[in-house]
Amino acid sequence: MKRTHFINSASPVALVLALGTLAGCAHVPQDHGIDEVRGLVQERAMQDARWALTEDEDAATVTKALLEEPLTPESAMQLALLRNPDVIIAFAELGISRAELIEAGTLPNPSLFGMARFIAGSGSGTNVEVETTFPLLDAIMVPMRRKIETRHFEHAKLKAAREVIDILAEVRAAYYEAFSAQQELELVALSREGSSDAADLAARQYEAGNLSRLERLSHEAFDVRLRMEARELAAEAVDKEQHLRRLMGLRPADPGWYWPMRYPEPGTPEADADTLESMAIERRLDLAAAAHEVEAMEYALKLAKRFRYTGLIDVGASGEREPHGEWLVGPTLELELPIFDRKRGEVLRTRSMLDLTGAERDALELDIRTEVRAAAEKLAEARERLQAYANELLPLHHALVQEAQLHHNAMLIGVYDLLEAKQSELET
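Criteria and thresholds
- Residues numbered from 1 in each chain as written.
- Predicted model: local features only at pLDDT ≥ 70, side-chain atom pairs only at ≥ 80, totals over all residues.
- Heavy atoms only, no water.
- Pairing = 2+ DSSP bridges.
- Helix = DSSP H or I, 4+ residues; strand = E, 2+ residues; numbered from the N terminus.
- Core = buried A, V, L, I, M, F, W, Y, C linked by side-chain atoms within 4.5 Å.
- Buried < 20%, exposed > 50% of the residue type's maximum accessible area, 1.4 Å probe, protein only.
- Axes fitted to C-alpha atoms, helices over the stretch in contact; angles between N-to-C directions.
- Left-handed = near helix turned anticlockwise from the far one by under 90°.
- Contact = heavy atoms within 4.5 Å.
- Nonpolar A, V, L, I, M, F, W, Y, C, P; charged D, E, K, R; others polar.

A. Spotlight on the pairing of strand 4 (residues 327-335). Both strand 3 (residues 313-321) and strand 4 contribute to a ladder of nine bridges, which runs antiparallel. Residue pairing in the sheet places Ala-317 in a bridge with Pro-331 of strand 4. Once strand 3 ends, the chain turns through five residues before running back antiparallel as strand 4, passing Gly-325 with a positive phi of about 105°.

Here it is in structure tokens:
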């Protein structure tokens, strides 16, 4: 008969194992690893992060206070930390991993078995049998299992930090996309004013016989196209704002926000691609998490190999009272004989999972190197394009508008040529 878990309380083996396990459990963070995750996030993404509301605050009040000022990337990310449900999900998964670590480092419970038999017939008396057992092998394996789950817990902490950082990065990107859409919509509105005025002027000149029907239709068609473009951009701006609201965790009852007067200036140039690649390999949390998974599988393979020929080992004590009152007391030992199942499948499965996690880690490293170099090239191209617009194209178009105004004042070009020059500047 197989008994479940624990050893006689008087056994010195049990005391040693219990003390060792309790000493190991003292290193499990009592805060579920949340403080460490917050530190990783603040180091990499947001230095002045606020993570929770006080007892005297509520979400609506804090949200209103943040939205009373112009919305910035930092305030948008702060709202996401306080109100985005995905942040709560990331920390909840971290708590589940810590629970698994606690279970892996806890000694199994003992089992108690009792039985009573009564003499049938003319005799009298009761036969009582009591037995307690403890799964010694499970207790011996606790330190190794705890090592495995420690690696899994480290992986979970890095994964949670990476997920929160990804949320903040998505918030920042969504902020700039929504702000850009709003500014583009405002520029198109200015263009529409000019195109509408041009279409009205063309209609009046056509009625007066000073403009051909072809030119009038051309101005009307341009005005309609610009109106359709403005409507499309307005819908796109609403879509991007709603996406940003979702990332910030805002509910329908929460107030809206208003944008800063100017677009945020771009940051200083980043390091070269080689430096960025080295930083990514050193600091990417998903790569560090993958390394912990590989270590966990290495420990698991050692555990499977070490105990592949060892089955069930239960030790304990048994006592039996005879009907006449005598007690028979002694130790018990139950062994599983590894005749058929020698854990070959478990060892092969664990070795294959180790190969799998190792290959996934190597693939991730290659992806990171490729991703960083491609992003660095894209960033360099975007900076060059920005400088070309700021230092060359925009000044040229501004000068063109000024010259067109001078030519129009001198009656060398018509009003439509002047409007076209201004329209070109706005598009740029």
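B. Fine view of the nonpolar core. Counting residues in each nonpolar core, the largest one holds 40 residues, and the members touching the most others are Leu-71, Val-164 and Leu-244. Of all the elements in the fold, those that place two or more residues in this core are helix 2 (34-44), helix 4 (73-83), helix 5 (85-104), helix 7 (142-207), helix 8 (213-248) and helix 10 (285-306). Per-element accounting of this core gives the leading share, 14 residues, to helix 7. Among the nonpolar cores identified, the runner-up in size contains 14 residues, and Leu-137, Met-144, Val-294 and Met-297 belong to it.

C. Just the packing of helix 9 (residues 273-283) against helix 11 (residues 344-409), in detail. Two elements in contact, helix 9 and helix 11, have axes separated by 9 Å at closest approach and are oriented at 145°. Between helix 9 and helix 11 lies a crossing whose hand is right-handed. Taking contact as the criterion, the partners of Ala-273, Asp-274, Leu-276, Glu-277, Ala-280 and Ile-281 in helix 9 are, on helix 11, Glu-365, Ile-368, Arg-369, Val-372, Arg-373 and Ala-376. Residue classes in the contact of helix 9 with helix 11 are distributed as seven nonpolar, no polar and five charged.

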